[in-house]
Amino acid sequence: MTFRDSASGSGGGEGVRRRGRGRGGTVAAGGGGLAIVALVVYLLTGQDLGGVIGGGGGDGGAAPAEEETLGECTGADANTDVDCRMVLTWGSLHDVWEVTLPEQADIDHRRPEFVLFEQSVDTGCGGATSAVGPFYCPPDESAYIDTGFFDQLETQLGAENAPLAQMYILAHEYGHHVQNETGVMATANRTDTGPQSDGVRLELQADCYAGMWVNHASRVPQEETGEPMLVEPTREEIQDALDAASAVGDDRIQAGAGQEVNPETWSHGSSEQRMHWFTVGYEDGTMQACDTFAVDQL
């Protein structure tokens, strides 16, 4: 999708930060490695192991993480610069859900935080490296992305590293925050796997919410300008998002890694499922249509 030149926003104003680690602040093989395990366990099951491993998981001798506020970005900046694209996408997501969540679910929306990082990061769910991929942490209501993942979309997963493909990834993580607000994340059985499991239903609903955002983003105005941040997407741009959704399907990832495709181990859904539910959200534009827990077959 293309941002209007009139679109504007700043990292600080939109709750976006860039976080780096201090000198020597790599994730340690001992505490840091356990922290990554704790993060993965939390994301999959909701079980907090932070107390067991002793907290955030950074190197005990490392300097504290350094954080900076991203500067002001324009729509023109966002169309060419990845960081600015993330800043304004986050702002658009907030604009859409600030209106949509009260209207469709009678819930007041809380603005989440968004952290751009490189290599490693400490979170409310534990320590993580870029190998974890983009994720949302419910305790600190924050999404975390190393934008190097976007290159992996193309080089390792076979999707086009296009603007709407990148924005889809961010919109999916924002969808998890919406699930946190509605209570769905807390009630789902995240230990369950398989093509019809709660874990897969949770991820596909986040895909559907990402499609919902694309539906509304070119119509919901930015308060500062009175215009939507984005123009209506083209068919080619929608295909870019669908290709990204397909690339992160469990079956595609298993096959690409040379593994046997085993549906019973799926935690995010097949390529077909992920594309289908993004399309449902994009075409229908309602949370009701995105209720993946209300259907027998996904």
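Rules used throughout
Residues numbered from 1 in each chain as written. Predicted model: local features only at pLDDT ≥ 70, side-chain atom pairs only at ≥ 80, totals over all residues. Heavy atoms only, no water. Disulfide = S-S within 2.5 Å. Helix = DSSP H or I, 4+ residues; strand = E, 2+ residues; numbered from the N terminus. Buried < 20%, exposed > 50% of the residue type's maximum accessible area, 1.4 Å probe, protein only. Salt bridge = Lys/Arg side-chain N within 4 Å of Asp/Glu carboxyl O. Axes fitted to C-alpha atoms, helices over the stretch in contact; angles between N-to-C directions. Parallel < 35°, antiparallel > 145°, perpendicular 65-115°, else oblique. Left-handed = near helix turned anticlockwise from the far one by under 90°. Contact = heavy atoms within 4.5 Å. Nonpolar A, V, L, I, M, F, W, Y, C, P; charged D, E, K, R; others polar. Core = buried A, V, L, I, M, F, W, Y, C linked by side-chain atoms within 4.5 Å.

Draft legend 1. A look at the state of the cysteines. One pass over the full model with this rule turns up 3 disulfides. One disulfide bridge connects cysteine 73 with cysteine 84, the sulfur atoms lying 2.2 Å from each other. Across the S-S bond of cysteine 73 and cysteine 84 the torsion is about -70 degrees, and the bridge reads as left-handed. Of the two residues, cysteine 73 sits in strand β4 (residues 72-74) while cysteine 84 sits in helix α4 (residues 82-105), which places them 11 residues apart along the sequence. Taking the relative accessible area as the measure of exposure, cysteine 84 reaches 10% and is therefore buried. Between cysteine 208 and cysteine 290 runs a disulfide, and the two sulfur atoms are separated by 2.1 Å. When the S-S torsion is -75 degrees, as for the bridge of cysteine 208 with cysteine 290, the disulfide is left-handed. Of this pair, cysteine 208 sits in helix α8 (residues 198-217) while cysteine 290 sits in the segment after α11 (271-284), placing them 82 residues apart in sequence. A relative accessible area of 0% means that cysteine 208 is categorised as buried.

Draft legend 2. Representation of the pattern of salt bridges within the structure. With the rule as written, the count across this model stands at 2 salt bridges. A salt bridge links arginine 110 to glutamate 141; the nearest nitrogen and oxygen atoms lie 2.6 Å apart. With a gap of 31 residues between them, arginine 110 in the loop between α4 and β5 (113-117) and glutamate 141 in the loop between β8 (135-137) and β9 (142-145) connect regions that are remote in the sequence. The salt bridge partner of arginine 274 is aspartate 207, with a shortest N-O separation of 2.7 Å. In this pair, arginine 274 is assigned in helix α11 and aspartate 207 in helix α8, connecting sequence segments 67 residues apart. Per residue, the accessibility class of arginine 274 equals that of aspartate 207, and both read buried.

Draft legend 3. Representation of the packing of α4 against helix α6 (residues 163-182) within the structure. At a closest axis distance of 10 Å, the pairing of α4 and α6 adopts a crossing angle of 40 degrees. Considered as vectors, α4 and α6 are oriented oblique to each other. Both α4 and α6 take part in a crossing whose hand is right-handed. Taken together, the residues of α6 that come into contact with α4 (itself represented by Val82, Arg85, Met86, Thr89, Trp90, Leu93, His94, Trp97 and Leu101) are Pro163, Gln166, Met167, Leu170, Ala171, Tyr174, Val178, Glu181 and Thr182. Class assignment for the residues of the contact of α4 with α6 results in 12 nonpolar, 4 polar and 2 charged.

Draft legend 4. Seen up close, the packing of α4 against α8. Viewed as axis vectors pointing N to C, α4 and α8 meet at an angle of 100 degrees, and their least axial separation amounts to 10 Å. In this view, α4 runs roughly perpendicular relative to α8, as classed from their interaxial angle. From α4, Thr89, Ser92, Leu93, Val96, Trp97, Thr100 and Gln104 reach across to α8, where they touch Tyr209, Met212, Trp213, His216 and Ala217. Of the residues that constitute the contact of α4 with α8, the class distribution is 7 nonpolar, 5 polar and no charged.

Draft legend 5. Spotlight on the nonpolar core. Trp97, Phe114, Tyr168 and Trp213 are the most contacted members of the largest nonpolar core, which totals 58 residues. Among residues more than four places away in sequence, those in contact with tryptophan 97 are Pro102, His109, Tyr174, Val178, Tyr209, Met212 and Met287.

Draft legend 6. Spatial organisation of unusual backbone geometry. One non-glycine residue, aspartate 106, lies in positive phi territory at about 55 degrees. By the secondary structure assignment, aspartate 106 is in the loop between α4 and β5. Aspartate 106 sits in the exposed class, given a relative accessible area of 71%.

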